[in-house]
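# Structural description and commentary
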Amino acid sequence: EVQLVESGGGLVQPGRSLKLSCLASGFTFSNYGMNWIRQAPGKGLEWVASISSSSSYIYYADTVKGRFTISRDNAKNTLYLQMTSLRSEDTALYYCARRLGDYWGQGVMVTVSS
Amino acid sequence: DVLMTQTPVSLPVSLGGQVSISCRSSQSLVHSDGNTYLHWYLQKPGQSPQLLIYRVSNRFSGVPDRFSGSGSGTDFTLKISRVEPEDLGVYYCLQSTHFPYTFGAGTKLELK
């Protein structure tokens, strides 16, 4: 069974940093591109970043470019999102999703507030 | 960026009825590899989104044949026939042909 479990969220002050993790199981993680997608409270879905299976290709939304870094450790079956210079508008439920979004995690909440 | 215009915003339906949701893109979604990367998701209340249709018209594993996708180029449609209670929620289209990937704003399917 494919499982994606996010962790690392919480309440953080504006300007601070946070690192999210997504532990994958039930499939060969190193064969799949992965994505981070977020959803602000009561709002729609926003794609954040993508990384190819071998980390050769990485893309970001303009809203996070230069502040967020997506990475992965295929030996640990884990996807990461390093978030720096956090803003109130980054407050959202952050999902990791496999490839075309065929599987999603349950999401982890990030709240940026003083 | 590719703008995805999804309509309607709200869609009242009777159980057993049929509905259509439209998603139009600001530019063609045909990739240089010949595929069209337009997908449909359903987000039920309190749950993560779930994939229904990938690459325009392919039903994901376990998705009932009441769901069908069609379209080409910039104009796409999701049809749901014989609506059941478990179909209620918010539907999103997503284009992953061009970076940045972009979602439609969502269509809330609710009971009349």
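Described below are features of the structure shown in this document. Since we're looking at a predicted model, the values are computed, not measured. (Residues numbered from 1 in each chain as written. Chains lettered and ligands numbered in written order. Predicted model: local features only at pLDDT ≥ 70, side-chain atom pairs only at ≥ 80, totals over all residues. Heavy atoms only, no water.)

Time to look at the overall build of chain A. If you tally the helices and strands in chain A, you get 0 helices and 11 strands. If you list the helices and strands of chain A from N to C, you get β-β-β-β-β-β-β-β-β-β-β. Taking 2.2 N^0.38 as the reference for a compact globule, 114 residues should give roughly 13 Å; the C-alpha atoms of chain A span a radius of gyration of 13 Å, in line with that estimate. Structurally, chain A occupies a C-alpha span of about 40 × 25 × 25 Å along its principal axes. Counting only residues that meet the buried cut, chain A has 46% of its 114 residues in that class. In chain A, the share of contacts with a sequence separation of at least 24, taken over all contacts with a separation of at least 6, comes to 52%. For chain A, the exposed area adds up to about 5,200 Å²; of that, 47% sits on carbon and sulfur atoms. When the 11 positive and 8 negative side-chain charges of chain A are each reduced to one mean point, those points stand 4 Å apart. (Helix = DSSP H or I, 4+ residues; strand = E, 2+ residues; numbered from the N terminus. Rg over C-alpha atoms; globule rule 2.2 N^0.38 Å. Buried < 20%, exposed > 50% of the residue type's maximum accessible area, 1.4 Å probe, protein only. Contact = heavy atoms within 4.5 Å. Areas by Shrake-Rupley, 256 points an atom, 1.4 Å probe, with all protein chains shown as cover. Lys, Arg positive; Asp, Glu negative; His and termini not counted. Charge placed at Lys NZ, Arg CZ, Asp CG, Glu CD.)

In this structure, Gly105 of chain A sits in the loop between strand S10 (103-104) and strand S11 (108-112). Sequence separation between Gly105 of chain A and Asp73 of chain A is 32 residues, and the spatial gap between their C-alpha atoms is 17 Å.

Apart from glycine, the bulk of residues carry a negative phi angle, and the bulk of peptide bonds sit in the trans form. Residue and element names in this part refer to chain B. Along the chain, Thr7 connects to Pro8 via a cis peptide bond; the corresponding omega equals -5°. Mapped onto the elements of the fold, Pro8 is located in the loop between strand S1 (4-7) and strand S2 (10-13). Cis rather than trans, the peptide bond between Phe99 and Pro100 has omega equal to -5°. Among the secondary structure elements, Pro100 is positioned in the loop between strand S9 (89-95) and strand S10 (102-103). Positive phi, normally seen in glycine, also occurs at Val56, with a value near 80°.

On to the pairing of strand S11 (residues 107-111) of chain B. Residues and elements named next belong to chain B. Strand direction decides the pairing type here: S2 and S11, joined by 4 bridges, are parallel. What sits directly across from Leu11, in S11, is Leu109. Alignment of S9 against S11, held across 3 bridges, turns out to be antiparallel. Counted as the bridge partner of Val90 is Lys108 from S11. (Pairing = 2+ DSSP bridges.)

Moving on, we come to the state of the cysteines. On inspection of all chains with the given rule, the structure shows 2 disulfides over all chains. Between the sulfur atoms of Cys22 of chain A and its disulfide partner Cys96 of chain A the distance amounts to 2.0 Å. Because the sign of the S-S torsion sets the handedness, a value of about 50° for the bond joining Cys22 of chain A and Cys96 of chain A places this disulfide among the right-handed ones. Of this pair, Cys22 of chain A sits in strand S3 (residues 18-25) while Cys96 of chain A sits in strand S9 (residues 92-98); the two residues are 74 residues apart in sequence, bridging distant segments of the chain. As far as burial versus exposure is concerned, Cys22 of chain A and Cys96 of chain A are alike and both buried. With a sulfur-sulfur separation of 1.9 Å, Cys23 of chain B is cross-linked through a disulfide to Cys93 of chain B. (Disulfide = S-S within 2.5 Å.)

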